[in-house]
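# Analysis of the macromolecular model
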Amino acid sequence: MSDFPTSLEETIEQAKGATQTALDAGVKLLQIEFVIPEIALQAQSLASRFIPLLESYGSGLKVLFPDTGAAALARRDWGETAFKVTDLGSRNTPIDYRVGEDDTAFLVVCPSSVEVGLVERLHQIANGRPIILLVPQLEDVSVVGIGYAARQLRERFISQIETAYYFRALEGAAVIRSYPDLWQVWLERAENYELIAEEPTKPMGEALETILNKASGNLSETAERPKPKKTGFLGNVGRFLKALSQ
């Protein structure tokens, strides 16, 4: 079981360790999620923290951004690299042309629901090569999506993605998953965070609220849970984002 991270560096190190464990276990399609407001704005900086984890792939590693502008900006900022940097393709240049025979692994940075079809196609043509999705913004498709097409997408593709690491900051609480551990719910207690539940699947919605209410001494699912003081690492999400931008 992982300890609660007390800093940005600890969070990233936990995520890197869990990702390496998943890759070593043979997981070929995985995601690293930090469900924090505006985290997508720091996607490039966050990617630079994870690339060293994949340095064993050398020039076979390909880092893909959602569009040509983001890819061009990364190439400018990073300069010459041992790995390749490109985008997920466009209407005129399909994703198929972005994948070469010498590519051995793919890091896809911050794909959104708009690019989910491209990511699914990448998975198809990667033919078993590892794909790591870094802070994917697919939740609106997998959770909110309704109708036959959305159900098909969940069953066909999104359900296949293994969560290597998940960190969701809540008001006085957090949900964490570090592969291969269970999903953990942590509650703020004074200056520390206490592990209050471990679940086999991601706790969400009413199920999550029930866990938090019970741990807070309130068994009513409808009563409002008291909001604790904002202390510790989760007390200021802005510090997380500021640290990434430095």
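The structure reproduced in this document is the subject of the present report.

Each value, and the rule that gives it
Residues numbered from 1 in each chain as written. Predicted model: local features only at pLDDT ≥ 70, side-chain atom pairs only at ≥ 80, totals over all residues. Heavy atoms only, no water. Helix = DSSP H or I, 4+ residues; strand = E, 2+ residues; numbered from the N terminus. Expected span 1.5 Å × (residues − 1). Buried < 20%, exposed > 50% of the residue type's maximum accessible area, 1.4 Å probe, protein only. Salt bridge = Lys/Arg side-chain N within 4 Å of Asp/Glu carboxyl O. Pairing = 2+ DSSP bridges. Phe/Tyr/Trp six-rings, centres within 6.5 Å; stacked < 30°, edge-to-face > 60°.

This part covers helix H1 (residues 8–24). Here H1 spans 24 Å end to end across 17 residues, near enough to the 24 Å set by a 1.5 Å rise per residue. The set of residues buried in H1 consists of Leu 8, Thr 11, Ile 12, Gln 14, Ala 15, Lys 16, Ala 18, Thr 19, Ala 22 and Leu 23.

Another aspect to go through is the pattern of salt bridges. A full pass over the atoms with the stated rule returns 10 salt bridges. Close ionic contact of Arg 49 with Glu 9 constitutes a salt bridge, the shortest N to O distance being 2.8 Å. Of this pair, Arg 49 sits in helix H2 (residues 43–50) while Glu 9 sits in helix H1, and the two are 40 residues apart along the sequence. For Glu 9, a relative accessible area of 41% gives the class partly exposed. Between Arg 177 and Glu 162 there is a salt bridge; the shortest N-O distance is 2.8 Å. Of the two residues, Arg 177 is situated in strand E7 (residues 173–178) and Glu 162 in strand E6 (residues 162–170); the sequence distance between them amounts to 15 residues. When its relative accessible area of 8% is taken as the criterion, Arg 177 is described as buried. The exposure class assigned to Glu 162 is partly exposed, which follows from its relative accessible area of 28%. What you see here is one network of salt bridges that share partners, running through Lys 62, Lys 84 and Asp 103.

Here the focus is the pairing of strand E9 (residues 192–199). Direction of pairing for strand E8 (residues 183–189) relative to E9: antiparallel, over a ladder of 7 bridges. Paired with Trp 183 across the bridge in E9 is Glu 199.

Moving on, we get to the packing of aromatic side chains. Within the structure shown, the criterion is met by 6 aromatic pairs. With centroids separated by 5.9 Å and ring planes inclined at 50 degrees, the aromatic side chains of Phe 34 and Tyr 165 adopt a geometry described as tilted. Of this pair, Phe 34 sits in strand E1 (residues 29–35) while Tyr 165 sits in strand E6; the two residues are 131 residues apart in sequence, bridging distant segments of the chain. The interplanar angle of 75 degrees and the centroid separation of 5.8 Å between the aromatic rings of Trp 78 and Phe 83 together place this pair among those described as edge-to-face. The same class applies to Trp 78 and to Phe 83, which are both buried. Members of the aromatic cluster, connected to one another through ring pairs, are Phe 4, Trp 186 and Tyr 193.

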